[in-house]
Amino acid sequence: MKTFDPDGLGEKLLRRFAGGTSRRGMLARLGTAIVAAPVFPLLPVSRAEAAKPDRSPEAKTIFARNAQTSDDTKCDYWRYCAIDGSLCSCCGGGIHTCPAGAEPSPVSWVGTCINPEDGKAYLIAYRDCCGKAYCAKCDCNNTDRETQLYTPQLNNDIIWCFGTTSMEYHCSTAVLVGAA
Amino acid sequence: MKTFDPDGLGEKLLRRFAGGTSRRGMLARLGTAIVAAPVFPLLPVSRAEAAKPDRSPEAKTIFARNAQTSDDTKCDYWRYCAIDGSLCSCCGGGIHTCPAGAEPSPVSWVGTCINPEDGKAYLIAYRDCCGKAYCAKCDCNNTDRETQLYTPQLNNDIIWCFGTTSMEYHCSTAVLVGAA
Amino acid sequence: MKSSSLATISAAALAFTLGSLGGSAAALAAPVSTDPEESDVRTLDAPKPGWFFIQRGFVIGGTLIYDSASGKLLGQVETPVLSDMALDPAGKAYYVAQSIWTKGTRGVRQDFVTVYDSAGLKVQTDIDIPGRLLVGGRKNNFIVSEDGKWGFVYNFSPASSVNVIDLARRKFAKAIELPGCADLIPNPGVGFSALCSDGSMATVAVMGVKPVITHTAPFFNATTDPVFDNFAYDKARKQLVMMTYTGLVSTAAISARPTIGEPFSIQQAAGIRKGDPAPLEVNWFPGGGQPMALHRPTNTLYVLMHKGEYWTHKDGAEEIWAVDLSAKKVTKRFGVEGKPEAIEVTQDAAPRLIVTGDDEVARVIDPATGAVLHTIEKAGSGPITVIEP
Amino acid sequence: MKSSSLATISAAALAFTLGSLGGSAAALAAPVSTDPEESDVRTLDAPKPGWFFIQRGFVIGGTLIYDSASGKLLGQVETPVLSDMALDPAGKAYYVAQSIWTKGTRGVRQDFVTVYDSAGLKVQTDIDIPGRLLVGGRKNNFIVSEDGKWGFVYNFSPASSVNVIDLARRKFAKAIELPGCADLIPNPGVGFSALCSDGSMATVAVMGVKPVITHTAPFFNATTDPVFDNFAYDKARKQLVMMTYTGLVSTAAISARPTIGEPFSIQQAAGIRKGDPAPLEVNWFPGGGQPMALHRPTNTLYVLMHKGEYWTHKDGAEEIWAVDLSAKKVTKRFGVEGKPEAIEVTQDAAPRLIVTGDDEVARVIDPATGAVLHTIEKAGSGPITVIEP
């Protein structure tokens, strides 16, 4: 696994997670990353999963069946299928916007949510907004495909404020990364 | 007023507020105090009050008429006529006892409350227990003869944690000082 | 750290996307239809007359910024528990006087005034000060001079003093001892005034080499009928509006030698007998932590009133009374829900009342009709602040 | 400061007593009948088997100590939000792994383990460490070795590692990289084990010069049927008890080379069909942040169960199921109020279940009858900790 080509499929997704960071910058980061490679043991599992015929329940969870697309200040908004925390949309921010004075975390946990309008699955990055006291408004806790600490990038309990000047948790956004 | 005799009536009360501090120690403190004397302007007012015939409503406030003497974990316990905050009796402490790990403030605001059993007025020192996070149990806010910030020793909103190693507010006690 | 974290995510996305797509790498290599969004950060306008600010309370830090017209939350100024916020008259900054221990509930105490720019709510600097009073719910422990050049922070150690901050130079200037007095009142060109335990008003001329403190004659009784700490100051009239527990309303002309006006009873101004401190007597009394709000353009005072006996000065309101200070008449009374303990009023032509209480439910009310225009949950318990003209 | 403060009070008392007595100094000079009380401070016994500890949650710091027999609050260990508490096996100390910024929400980050003596709850020392994971509700991010000599604190930066603390010398010993694994399991005489994202269990031998990390074969699927983080370890049996989202219960014999037992379905152990991750299928599923509790003397597992579909693994419980792990049978089911999301059980002969949830209302339950013995408001949302034999 350690030899997969960052210029291939990986890099496209990487750029999305970096929110438009230059390809050169991303490759540099990835170089370092391969050394640390904390989650590469994940891949075989996922690949194995990928083979299973019944592996795509996104469209069918109770959340997905009841999700709406009109109000991003409600917990049942479609992108929030795996969010945990205060919605930045209720805290002076927006679906991908931190409230004034907060700082978006460059990394996040991810979810794969269904847009009821096209029935398609989309990759969502739940970027925490950091550096301000807990907003404590519109607290949601949705758990579609949400896992435990040993798969951190799919766990929504962790304070995802890494690489920010302060790790104080304020609220969470749901940034569209792309079609899943 | 600055010349009143600390060996006289003052010193007796002083020792009570110091909670059994030696007379020598108290006199030393008082020596310093007379220099600072932040509240001596109070005295003329109080003296003036003292003359008024209708100055002693303690027995007749709505709190005093409804106070009880059996349960010091309830806001209507007689000593709590001017308390504000969490009752230490509900936080692992007692009526004059701080919970483990907390530190009683050597100074406090005061109240004059009526014991329904003998109908007499008693001077109560509301000593805060300090140095632990807010207990947030049995919150009470009683206001018999409670005043504003320019008479701080009769105001129950101030964090009365002076001379303690930490000023973090945990809970409040109601220490009997003596007959008023 | 950042690099490996990005890889963490990328691997996750990779793994997960493979999973949900059925594991064809080729499929992923193909361009994805939907473009990714960028994360961004909101910036705010300069404070507007229709805005109001509510401090959340004793447990959660923060002062929430709301638009009274929409009832919408605009953002949050970082005001830790027991801190005091003041506004830059020029609208460029929010100032927060606060006390923080290096290890949360212990360690080294740090007292400072933090300067936030009003657009980005970013920390511009911390101005260290010697200390401050730790108390909740007060509006007059940290005031800024009308020209925006000076900040005054009340300190109580428990010796009483005031820390003067040079906001232009952004540094602590000096401490002034103020025995027996508290609650700071702007005094343009002079310094500040304050209320004292002997029932007088002290005035502190700060500009000289040594501060000069003068006192008015006593005009209220600090222990039997106290003036509420949260009085209101009218810059245009240079007038302070005060109210006592019994409901006596008085004004003071603020100058180097303040003069105190004749008090009148809010109850008598409403045609009923005046408030009486005598026990057992039931009447309408003012109450709450922030029991009154002054609409300066019309010189109208809005007061939180409740039925009860004396020494119920913290009780929440059943009615709001509007007092025409010029006519010394109560011009309107209307009922209010939620037993509010704090009230403010926006200073624009069509004013909005904002009330909140222990339940932290704020209500935006049209004082012309008493109608509730917005009800806001989890808004905070106050104090409430507005933009003053 | 202290001296003038004492005078502040004394003057106050003096003034006030004069007031209330009618102002005769002579009267005051006469001895006062009632003797004054002294302020004192409670001390606590060493932790008892009947005690339980509830962390308050995400907003208010502190872990409350209760006696399950009386339901009474005994005190509070200072556990800031997102900190982790561990008990000294000897009962002499409480350890709190925490992260504090010098200016509250900003400034310099400080990660340390604070040692509190169990009698006085006083800070004995802070042991600085390089970092730790910030997350709520977990019990296995900070564990102490059976002999009480070593502490292990999980760190995530987001690179994954473990900080080893020498509790005897009270100093940080070393950091061990642990890629792809989390959730620490005591491994007496070896070091610790952990669960990994490839579905294996890692075992870390820490005693050598260089730590040696070995892995079992994968035995669970980390993304489709994860093992709950809050598993339980039985010191006497050297056995780990794990449960997955679908309700598979498995045990592991902990040693230098852990062996994983055959899993069984909690639903089948109750005579119904096994939990299925397939969409739309309704069944009884385990759920909550701390969904199971192990009564070690009887090898009985108590599980929070709710009706629903898969991916509802955080939902609160409608029933508590008792599982005899030796017989692999559900021996009892009873309803529970309050949709609890955390459960623990005291380890004495007459065990008491403690449950709590988002409403922070804790209930003490007799597992023999399901009867609620105590209902405690404002107890906290957990996690819940008990004394382990």
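In this text, all values refer to a predicted model and were calculated from it rather than measured experimentally. (Residues numbered from 1 in each chain as written. Chains lettered and ligands numbered in written order. Predicted model: local features only at pLDDT ≥ 70, side-chain atom pairs only at ≥ 80, totals over all residues. Heavy atoms only, no water.)

1. Description of the overall build of chain A
1) Next: Summing up its helical and strand segments, chain A has 4 helices and 9 strands in all.
2) Next: Order of helices (α) and strands (β) in chain A, N terminus to C terminus: α-α-α-α-β-β-β-β-β-β-β-β-β.
3) Next: Across chain A, every contact between residues at least 6 apart in sequence was considered, and the portion connecting residues at least 24 apart equals 68%.
4) Next: Carbon and sulfur atoms provide 53% of the accessible area of chain A, an area that totals close to 5700 Å². (Helix = DSSP H or I, 4+ residues; strand = E, 2+ residues; numbered from the N terminus. Contact = heavy atoms within 4.5 Å. Areas by Shrake-Rupley, 256 points an atom, 1.4 Å probe, with all protein chains shown as cover.)

2. Here's the deal with the overall build of chain C
1) Next: A tally of helices and strands in chain C yields 2 helices and 31 strands.
2) Next: Across its three principal directions, the C-alpha atoms of chain C cover 85 × 50 × 35 Å.
3) Next: Looking at chain C residue by residue over its 389 residues, the buried ones come to 61%.
4) Next: Sequence separation of at least 24 residues holds for 43% of the intrachain contacts in chain C that already meet a minimum separation of 6.
5) Next: A total of about 13400 Å² of accessible surface is found on chain C, and carbon and sulfur atoms cover 54% of it.
6) Next: Taking the average location of the 36 positive side-chain charges in chain C and that of its 40 negative ones, the two points are 4 Å from each other. (Buried < 20%, exposed > 50% of the residue type's maximum accessible area, 1.4 Å probe, protein only. Lys, Arg positive; Asp, Glu negative; His and termini not counted. Charge placed at Lys NZ, Arg CZ, Asp CG, Glu CD.)

3. Digging into the interface of chain B and chain C
In many analyses, interface size is given as the accessible surface area lost on bringing the parts together.
1) Next: Taken together, the contact between chain B and chain C spans 40 residues of the former and 45 residues of the latter.
2) Next: Note on chain B versus chain C: buried area summed over both sides is about 3500 Å², and carbon and sulfur give 64% of it.
3) Next: Scanning the region where chain B abuts chain C turns up 4 salt bridges.
4) Next: When the shortest N-O distance is used, the salt bridge between B:D157 and C:R138 registers 2.9 Å.
5) Next: One can count 15 residue pairs in polar contact (both at pLDDT 80 or more) joining chain B with chain C.
6) Next: Among the secondary structure elements, those contributing two or more residues to the side of chain B that touches chain C are α3 (42-51) and α4 (62-66) of chain B. (Buried area = accessible area lost by both parts, 1.4 Å probe. Salt bridge = Lys/Arg side-chain N within 4 Å of Asp/Glu carboxyl O. Polar contact = N/O pair within 3.5 Å; in protein donor to acceptor, adjacent residues only side chain to side chain.)

4. Description of the pairing of strand β25 (residues 319-324) of chain D
The side chains of a regular strand alternate between both faces of the sheet.
Residues and elements named next belong to chain D.
1) Next: Counting buried residues along β25, 5 of its 6 residues qualify, which places the element largely inside the surrounding structure.
2) Next: Here strand β24 (residues 300-308) runs beside β25; their pairing, made up of 6 bridges, is antiparallel. For V303, the partnering residue across the bridge sits in β25 and is W321.
3) Next: In this structure, β25 lies alongside strand β26 (residues 329-335), joined through 6 bridges in antiparallel fashion. Paired with W321 across the two strands is R333, which belongs to β26. (Pairing = 2+ DSSP bridges.)

5. Side note on the sheet that holds strand β3 (residues 63-67) of chain C
Residues and elements named next belong to chain C.
1) Next: With antiparallel pairing, the 4 strands of this open sheet are ordered in space as β4-β3-β2-β31. Every interior strand has two partners, whereas the edge strands, β4 (73-77) and β31 (384-386), have only one. Taken pair by pair, the neighbouring strands of this sheet meet at an average axis angle of 25°, ignoring direction.
2) Next: Bridge analysis of β3 against β4 gives 4 bridges, and the strand direction is antiparallel. Each bridged residue has a counterpart across the sheet, and for Y66 the counterpart in β4 is L73. (Axes fitted to C-alpha atoms, helices over the stretch in contact; angles between N-to-C directions.)

6. As for a nonpolar patch on the surface
1) Next: Taken together, the side chains of C:F58, C:V59, D:F58 and D:V59 present a nonpolar region at the surface, about 290 Å² in accessible area.
2) Next: Locating C:V59 in the fold gives a position in the loop between β2 (51-55) and β3. (Patch = residues over 30% accessible without salt bridge, like charges linked within 9 Å, V, L, I, M, F, W, Y side chains within 5 Å.)

7. Digging into the state of the cysteines
Each disulfide consists of a covalent bond between the sulfur atoms of two cysteine residues.
1) Next: This model, assessed by the stated rule, comprises 16 disulfides over all chains.
2) Next: Disulfide pairing places A:C88 opposite A:C171 at an S-S distance of 2.0 Å. In this structure the cystine formed by A:C88 and A:C171 twists about its S-S bond by roughly 100°; its chirality is therefore right-handed. Within this pair, whereas A:C88 is found in the loop between β1 (84-86) and β2 (97-98), its partner A:C171 is found in strand β8 (residues 169-172), the two being separated by 83 residues in sequence.
3) Next: For B:C91, the disulfide goes to B:C135, at an S-S distance of 2.0 Å. Its torsion about the S-S bond being -95°, the disulfide of B:C91 and B:C135 is classed as left-handed. (Disulfide = S-S within 2.5 Å.)

8. Digging into the packing of aromatic side chains
1) Next: A complete count under the given rule lists 42 aromatic pairs over all chains for this structure.
2) Next: A network of ring pairs unites the aromatic residues C:F228, C:Y245, C:F285, C:Y310 and C:W311 as a single cluster. (Phe/Tyr/Trp six-rings, centres within 6.5 Å; stacked < 30°, edge-to-face > 60°.)

9. Here we look at the sheet that holds strand β13 (residues 181-187) of chain D
All names here are of chain D.
1) Next: In spatial order, the strands read β13-β14-β15-β16; together these 4 strands make up an open sheet with antiparallel pairing. Unpaired on one side and paired on the other, β13 and β16 (212-215) mark the two borders of the sheet. Going from strand to strand, the sheet's axes swing by 25° on average, the running direction of each strand aside.

10. Re the pattern of salt bridges
1) Next: This structure, assessed with the given rule, holds 46 salt bridges over all chains.
2) Next: As a salt-bridge pair, A:D157 and D:K314 come within 2.7 Å of each other at their nearest N and O atoms. Here A:D157, found in the loop between β7 (139-141) and β8, pairs with D:K314, found in the loop between β24 and β25, and the two come from separate chains.
3) Next: Where C:D234 meets C:R237, a salt bridge forms, and the shortest distance between an N and an O atom there is 2.8 Å.
4) Next: With a relative accessible area of 2%, C:D234 lands in the buried category.
5) Next: Salt bridges sharing common partners tie together A:D84, A:D157, D:R138, D:D229 and D:K314.

11. Topic: the confidence of the model for chain C
Residue and element names in this part refer to chain C.
1) Next: Summary statistics for chain C give a mean pLDDT of 91 and a share of 91% for residues scoring 70 or more.
2) Next: When the criterion is pLDDT under 50, residues 1-33 qualifies, and its contacts beyond four places in sequence or with other chains add up to 76 contacts.
3) Next: Overall fold confidence (pTM) sits at 0.87, and the ipTM for the predicted complex is 0.88. (pLDDT = per-residue confidence, 0-100.)

12. A closer look at unusual backbone geometry
Outside of glycine, negative phi angles account for most residues, and trans bonds account for most peptide bonds.
1) Next: For the bond from C:G382 to C:P383, the omega torsion is 10°, close enough to zero to count as cis.
2) Next: Cis peptide bonds are those with omega within 30 degrees of zero, and the linkage from D:S157 to D:P158 qualifies with 0°.
3) Next: On the secondary structure map, D:P158 appears in the loop between β10 (150-156) and β11 (160-166).
4) Next: Non-glycine residue C:K339 carries a positive phi angle of around 45°.
5) Next: Here C:K339 shows up in the loop between β26 (329-335) and β27 (342-345).

13. Quick notes on the side chain of C:D111
1) Next: By the secondary structure assignment, C:D111 is in strand β7 (residues 109-117).
2) Next: Leaving out residues up to four positions away in the same chain, C:D111 has contacts with C:Q98, C:S99, C:I127, C:D128, C:I129, C:P130, C:G131 and C:R132.

14. Thoughts on the pairing of strand β14 (residues 191-196) of chain C
Residue and element names in this part refer to chain C.
1) Next: The buried fraction of β14 is high, at 6 of 6 residues.
2) Next: Of the strand pairs in this sheet, strand β13 (residues 181-187) and β14 are connected by 6 bridges, and their pairing is antiparallel. Paired with A182 across the strands is L195, a residue of β14.
3) Next: Connecting the antiparallel pair β13 and β14 is a turn made up of 3 residues, with G189 showing a positive phi of about 80°.
4) Next: Inspection of the sheet shows β14 paired to strand β15 (residues 201-205) by 5 bridges, in the antiparallel sense. Considered in β15, the bridge of L195 is made with M201.

15. Section: the side chain of C:T244
Residues and elements named next belong to chain C.
1) Next: With respect to the helices, strands and loops of the structure, T244 is situated in the loop between β18 (239-243) and β19 (248-253).
2) Next: Given the relative accessible area of 6%, T244 is considered buried.
3) Next: Looking at T244, its side chain comes within polar contact range of the side chain of D225, at 3.1 Å.

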